[in-house]
Amino acid sequence: MRLARISWFVLFASVFIVTVSAAQLAYRFTLPTDGWSAYAGPFGTEDGGMLIYQSNLLGGSSPLRRGDRVHAVESYVLDPIFFDLGLGEEAVRARWESGMTVAYSVLRDGKRERIDVPARRWTVAAWLAYTVRDINRLGNTLGTWLMLLVAGIVFVRKHETPAARALLLLCASLLAQWISGSLPDGVSVTLYPAVREFTFFFTYSIYLGLIAPALFDFTLVFPQRKATIERRPWLLALPFAAAWCGFFLMHQSGKVEVGWLGTLL
């Protein structure tokens, strides 16, 4: 298979995106964790931005309970958007090692309680259970890998067409998001700035930064290239430029609505 320069670029970019996402996931396996899956409370409600705990993925005894809402860690209140502990994260991180405990302030049954949560390590078994236990997550897993398989076959057979390249980049971005989101982030990720940034991008911001513009490009070239794109193929770069401008604004302002609106458009 002889590839044109643009096809090589798209193939390299797709492999790079997936590899970096897989690398940051592998590193997160080495970090201490409380071992629970959680989700952020809906914005605009009293639970807005708080981590709401769902299930104990590592099993065994745990002081946490289903429905606990984490308000603070070692007296440091979690940021409602980025869960950033700020200047206090170094002090917390010093206590957040496997076998040690860290104090959580949680809202439980309408009351605030202080509990000591032990640090543990993720296991491959817990990760696999998390990806298949929920029917929606299982469907997302199967759908993501099936789409990548289709995109790979199409790229091998039709790599010279813009639609095949756009589809491969789109499906690689979806796979990178799936990889990052296949392990809960929660409190442990917030303690490590670099990990927090990579996780935030690949799990959440990637919808604005890569998935939305790749999908938009695909609609411009499939099933046939639009006339404007036929005359000016460089226009395919504009959705990515616009998406990254939006990503920069979201990152600087902390307004996650920018990302949602960009993806919706």
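Scroll up to find the structure this text is about.
First, a word on what this report is: a plain description of the structure on this page. Note that the structure is predicted; figures quoted are calculated from it, not measured.

### Observations regarding the layout of surface pockets
Empty space within the second largest pocket amounts to approximately 480 Å³. For the lining of the second largest pocket, the secondary structure elements donating two or more residues are helix 1 (5–28), helix 5 (162–181) and helix 7 (193–221). Here the element with the most residues in the lining of the second largest pocket is helix 1; it accounts for 5 residues.

### Comments concerning the environment of serine 7
Relative to the helices and strands, serine 7 is located in helix 1. Expressed as a C-alpha distance, the spacing of serine 7 and threonine 161, which sit 154 residues apart in the sequence, is 8.9 Å. In contact with serine 7, other than residues within four places in its own chain, are Phe155, His159 and Arg165.

### Topic: helix 5
For an α-helix, the turn length of 3.6 residues means that residues three or four places apart are oriented alike. Spanning 20 residues, helix 5 covers 29 Å between terminal C-alpha atoms, matching the ideal 28 Å at 1.5 Å per step. The buried count for helix 5 comes to 18 of 20 residues, which makes it a mostly enclosed element.

### Brief notes about the packing of aromatic side chains
Aromatic ring pairs: the centre-centre distance and the angle between the two ring planes describe each pair. Throughout the structure, instances matching the rule amount to 8 aromatic pairs. On the basis of an interplanar angle of 85° and a centroid distance of 5.1 Å, the ring pair of phenylalanine 201 and phenylalanine 202 is categorised as edge-to-face. In this structure, phenylalanine 201 and phenylalanine 202 share a single accessibility class: buried. Ring pairing ties together the aromatic residues Phe29, Trp127, Trp145 and Trp178, which thus form one cluster. For arginine 137, the ring lying beneath its charged end belongs to tyrosine 130, and the centroid distance is 3.9 Å.

### Some remarks on the side chain of serine 37
You can see serine 37 is positioned in strand 2 (residues 36–40). For serine 37, a relative accessible area of 2% corresponds to the buried category. At a separation of 3.0 Å, a polar atom in the side chain of serine 37 contacts the side chain of serine 55. Beyond its immediate stretch of four places on either side in the chain, serine 37 contacts Ile52, Tyr53, Gln54, Ser55, Leu57, Tyr130 and Pro184.

### Focus on the pairing of strand 4 (residues 69–73)
Bridge count between strand 3 (residues 51–56) and strand 4: 2 bridges; the pairing is antiparallel. Its bridge partner being in strand 4, isoleucine 52 is matched across the sheet by arginine 69. As defined by bridge partners, strand 4 adjoins strand 6 (residues 101–108) across 4 bridges and the pair is classed as antiparallel. Within the sheet, the bridge partner assigned to valine 73 lies in strand 6 and is tyrosine 104.

### Thoughts on the environment of tyrosine 27
Mapped onto the secondary structure, tyrosine 27 falls in helix 1. Tyrosine 27 sits 168 residues away from valine 195 along the chain, and the two C-alpha atoms are 8.4 Å apart.

### Topic: a nonpolar patch on the surface
There is a patch of nonpolar side chains on the surface, built from Leu146, Leu149, Val150 and Ile153 and spanning about 370 Å² of accessible area. Counting through the fold element by element, leucine 146 comes out in helix 4 (residues 135–158). Owing to a relative accessible area of 52%, leucine 146 belongs among the exposed residues under this scheme.

### Brief notes about the pattern of salt bridges
Inspection of the entire model under this criterion finds 3 salt bridges. A salt bridge links arginine 108 to aspartate 68; the nearest nitrogen and oxygen atoms lie 2.7 Å apart. Placement of the pair is arginine 108 in strand 6 and aspartate 68 in the loop between strand 3 and strand 4, with a sequence separation of 40 residues. Overall, the relative accessible area of 7% leaves arginine 108 in the buried class. By relative accessible area, which is 1% here, aspartate 68 ends up buried. A salt bridge links glutamate 113 to arginine 108; its shortest N-O distance comes to 3.5 Å. Several salt bridges converge on common partners, so that one network encompasses Asp68, Arg108 and Glu113.

### Comments concerning empty space enclosed by the protein
If a probe the size of a water molecule is rolled over the atoms, the empty space left behind becomes visible. According to the stated counting rule, one finds 1 cavity of 30 Å³ or more in the structure shown. Per element, the largest residue contribution to the lining of the largest cavity is 3 residues, and it comes from helix 6 (residues 186–190). For the lining of the largest cavity, the per-class residue count stands at 5 nonpolar, 3 polar and 2 charged.

### So, the side chain of asparagine 56
Residue placement: asparagine 56 occurs in strand 3. A polar contact is formed between the side chain of asparagine 56 and the backbone nitrogen of leucine 58, at a distance of 3.4 Å. Polar contacts involving the side chain of asparagine 56 include one to the main-chain amide nitrogen of glycine 59, which spans 3.2 Å. Look past the residues within four positions of asparagine 56 in its chain and what remains in contact with it is Gly35, Trp36, Ser62 and Arg120.

Calculation rules
Residues numbered from 1 in each chain as written. Predicted model: local features only at pLDDT ≥ 70, side-chain atom pairs only at ≥ 80, totals over all residues. Heavy atoms only, no water. 1 Å grid on protein atoms, 1.4 Å probe; cavity = no way out; pocket = protein on both sides within 12 Å on 5 of 7 lines; lining within 4 Å. Points joined across faces, edges and corners; volume = space filled by probe spheres on them. Helix = DSSP H or I, 4+ residues; strand = E, 2+ residues; numbered from the N terminus. Contact = heavy atoms within 4.5 Å. Expected span 1.5 Å × (residues − 1). Buried < 20%, exposed > 50% of the residue type's maximum accessible area, 1.4 Å probe, protein only. Phe/Tyr/Trp six-rings, centres within 6.5 Å; stacked < 30°, edge-to-face > 60°. Lys NZ or Arg CZ within 6 Å of the ring centre and 35° of its normal. Polar contact = N/O pair within 3.5 Å; in protein donor to acceptor, adjacent residues only side chain to side chain. Pairing = 2+ DSSP bridges. Patch = residues over 30% accessible without salt bridge, like charges linked within 9 Å, V, L, I, M, F, W, Y side chains within 5 Å. Areas by Shrake-Rupley, 256 points an atom, 1.4 Å probe, with all protein chains shown as cover. Salt bridge = Lys/Arg side-chain N within 4 Å of Asp/Glu carboxyl O. Nonpolar A, V, L, I, M, F, W, Y, C, P; charged D, E, K, R; others polar.

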